Amino acid sequence: HNFKKIGGNKVNRYLDLSEEVRKAIEDQRPIVALESTIISHGMPYPQNVETALKVEEIIREHGAVPATIGIIGGRLKAGLTSEEIDYMGRAKNIAKVSRRDIPYLIAHKRDGATTVASTMIIASMAGIRVFATGGVGGVHRGAEKTMDISADLEELAMTEVAVVCAGAKSILDLGLTLEYLETKGVPVLGYQTEELPAFYTRKSGFGVDYKVDTPKEIADILRTKWDLGLKGGALIANPIPEEYSKDADLITRVIEDAVKEAEVLGIKGKDTTPFLLAKIKEITGGESLESNIQLVYNNARLAAEIAVSL
Ligand code: PSU
Ligand code: MN
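Residue positions within a chain follow its written sequence, with the count starting from 1. Labels follow written order: the first chain is A, the first ligand is 1, and so on. At least 70 in pLDDT is required for a residue's local features to be given in this predicted model, at least 80 for side-chain atom pairs to be given and counted, and no such filter applies to totals for whole chains, interfaces and linings, which use all residues. To get the side-chain values, take all heavy atoms of the structure and skip hydrogens and water.

How would you summarise the packing of helix α6 (residues 116-125) against helix α8 (residues 151-158) if you had to cite specific residues and measurements?
Between N-to-C directions, angles cover 0 to 180 degrees, with each direction set by a line fitted to C-alpha atoms, over the stretch in contact for helices. Numbering of helices and strands runs from the N terminus; a helix is a DSSP stretch of H or I covering at least four residues, while a strand is a stretch of E covering at least two. Packing of α6 against α8 leaves a shortest axis separation of 8 Å and a crossing angle of 30°. With respect to α8, the axis of α6 lies roughly parallel. Counting all contacts with α6, which are made through V116, A117, M120 and I121, the residues of α8 involved are A151, D152, E155 and L156. Think of it as three bins: nonpolar holds Ala, Val, Leu, Ile, Met, Phe, Trp, Tyr, Cys and Pro, charged holds Asp, Glu, Lys and Arg, and polar takes everything else, Gly as well. For the contact of α6 with α8, the class distribution of residues is 6 nonpolar, no polar and 2 charged. Each angle gets one of four labels, with under 35 degrees taken as roughly parallel, over 145 as roughly antiparallel, 65 to 115 as roughly perpendicular, and the rest as oblique. Residue contacts follow a heavy-atom distance rule, with two residues in contact if any of their heavy atoms lie within 4.5 Å.

Explain the site of ligand 1 to me, using residue names and the numbers behind them.
Whether a residue is near a molecule or strand depends on its heavy atoms: if one lies within 4 Å, it is near. Neighbouring residues of ligand 1: 13 residues in total, closest E35, K96, S150, D152 and K169. N or O atoms within 3.5 Å of each other form a polar contact, as long as, within protein, one can give a hydrogen and the other can take it, and as long as residues adjacent in sequence are counted only when both atoms are side-chain atoms. In the model, an oxygen atom of ligand 1 is placed 2.8 Å from a nitrogen or oxygen of the V116 main chain. One nitrogen or oxygen atom from the side chain of S150 is found 2.7 Å from an oxygen atom belonging to ligand 1. A class-by-class count of the residues in the shell around ligand 1 yields 3 nonpolar, 6 polar and 4 charged.

Pulling in residues and values, what's your account of the packing of helix α3 (residues 47-61) against helix α13 (residues 287-309)?
The contact between α3 and α13 brings their axes to 9 Å, and the two run at 25°. One element, α3, and the other, α13, form an angle in the roughly parallel class. Where α3 crosses over α13, the handedness of that crossing is right-handed. Of the residues in α13, those in contact with Q47, E50, T51, K54, V55, I58 and I59 of α3 are L289, I293, V296, Y297, A300, R301 and A304. The hand of a helix crossing depends on one turn: near helix anticlockwise from the far one by less than a right angle means left-handed, and clockwise means right-handed.

Requested: an account of α13, with residues and values cited.
In a helix, the anticipated span is given by 1.5 Å times the number of residues less one. Look at α13: 35 Å from first C-alpha to last across 23 residues, which is about the 33 Å you get at 1.5 Å a residue. Within α13, 17 of the 23 residues are buried, which leaves it mostly tucked inside the rest of the structure. Categorising residues by exposure relies on relative accessible area from a 1.4 Å probe, with only protein chains included: less than 20% of the type maximum marks a residue as buried, more than 50% marks it as exposed, and the intermediate range marks it as partly exposed.

I'd like a description of the pattern of salt bridges, backed by residues and values.
Should a side-chain nitrogen of Lys or Arg be within 4 Å of a carboxyl oxygen of Asp or Glu, the pair is scored as a salt bridge. For the structure on display, the rule yields 21 salt bridges. Close ionic contact of R202 with E242 constitutes a salt bridge, the shortest N to O distance being 3.7 Å. In this pair, R202 sits in the loop between β11 (188-191) and β12 (210-212) while E242 sits in the loop between β13 (234-237) and α11 (248-265), placing the two residues 40 residues apart along the sequence. Among the residues examined, R202 registers a relative accessible area of 31% and is labelled partly exposed. Relative accessible area serves as the criterion here: at 55%, E242 is assigned to the exposed category. Of the charged contacts in the structure, one is a salt bridge between K279 and E282, with a shortest N-O distance of 3.2 Å. Placement of both K279 and E282 in helix α12 (residues 272-283) is noted, with a separation of 3 residues, approximately one turn of the helix. Residues joined in a network through salt bridges with shared partners are K4, D16, R75 and K77.

Give a detailed account of the nonpolar core, specifying residues and quantitative values.
Counting 104 residues, the largest nonpolar core has L17 and I218 as its most contacted members. Filtering out sequence-adjacent residues up to four positions away, I218 remains in contact with L189, Y191, V212, I236, L302 and I306. For this analysis, a nonpolar core means a set of buried residues of the types Ala, Val, Leu, Ile, Met, Phe, Trp, Tyr and Cys, connected via side-chain atoms within 4.5 Å.

Give me the pairing of β11: which residues, what numbers.
Burial along β11 is two-sided: the face carrying V188 and G190 and the face carrying L189 and Y191 are both buried. As defined by bridge partners, β11 adjoins β13 across 3 bridges and the pair is classed as parallel. Bridge assignment links L189 to a residue of β13, and that residue is I236. By the convention used here, strands pair only if DSSP detects at least 2 bridges between them. Note that β11 and β12 share 3 bridges and pair parallel. The residue of β12 that forms the bridge with L189 is Y210.

Could you give an account of the side chain of K225, with specific residues and numbers?
Positionally, K225 belongs in helix α10 (residues 215-227). Salt bridges are absent for the buried K225, whose nearest opposite-charge side chain, E160, sits at 6.9 Å. Among the polar contacts made by the side chain of K225, one reaches the main-chain carbonyl oxygen of K231 at a distance of 3.3 Å. Positive charges come from Lys and Arg alone, negative charges from Asp and Glu alone, with His and the N- and C-terminal ends not counted.

Can you lay out the pairing of strand β6 (residues 75-78) for me, pointing to particular residues and giving the numbers?
Examined bridge by bridge, strand β3 (residues 15-17) and β6 share 3 bridges and lie parallel to one another. Across the sheet, residue L15 finds its bridge partner in β6, namely L76. As judged from the 4 bridges shared by strand β5 (residues 65-72) and β6, these two strands associate in the antiparallel manner. From the neighbouring strand, G70 faces β6, where its bridge partner is K77. Count of turn residues in the β5/β6 antiparallel hairpin: 2 residues, of which G73 carries a positive phi of about 55°.

Requested: an account of the environment of A166, with residues and values cited.
Note that A166 resides in the loop between β10 (162-165) and α9 (174-183). For A166, a relative accessible area of 0% puts it in the buried group. Here A166 is in contact with G134, P197, A198, F199, N238, L295 and N299, once residues within four sequence places are set aside.

Take it as geometry only, folks, not as evidence of what the structure does.
This is how it looks when you write it as structure tokens:
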């Protein structure tokens, strides 16, 4: 009784599929999941909505169907309409939702913008295996004291969804993040790179587990992992295109200032990541926003190609 029938498919009774996504599942077409925290908390209005809609268009142009994921009125949504995306982008008080927040929000019929972790959960309920975003959460700097480790990493360890990102921002401790992923058995694949990209920059000084050169190679690795019954996802790290990448020294300075300010102000828990992202935007005068948008487009293209290949 936890399931309902949509067409020939059984889906969780808390989950709604958009018309486009329902049809794609029925026709067994490739689908790419997209998150909504990046819309509600990661970018300012109206660029957030413009970007979200353009990302969907890019996925369609590359032969896959987009499923932007979020929570509206206590319903899990796989596939938001453009009106719903606009709502998520404009509304001021939409909660940032990770795994732990889902039951409360559903029970109280609230709205929620889904992080990488909760987007993976909902994607997986809908049978979607590929997900494109900008950056993932990870082990924060100073985590040896604060224990601030994003639930995104735990989700990658247990949920069968591949996440295409541009690496992680150095607001995180990238070395510890990689150690954590190793412990949890999450493969980190570098798309045409040996090095873990660091969001705004193509290099980080840290290696990936494996360099992979084609979407097909990635799809083969994913299929093999899941055919073997190995649980969890994979992180596909796709470097930002050269022309949009930023100067490493500048970014390091900006991030260090932002991290210091967060410490002074006592910012903690789920507020840390949005605070640091907003601070970086403020210090770089919005110049980082264009890079952020372009790297998401780049990830959407690759994710669509992987989904088609899968
Ligand atoms: N990193 C970014 N941009 C983002 C996020 C992270 O560069 O928008 C968002 C994602 O939704 C990610 C979440 O899943 O922040 C991680 O938050 P936390 O560190 O609180 O787990
Ligand atoms: Mn955290």
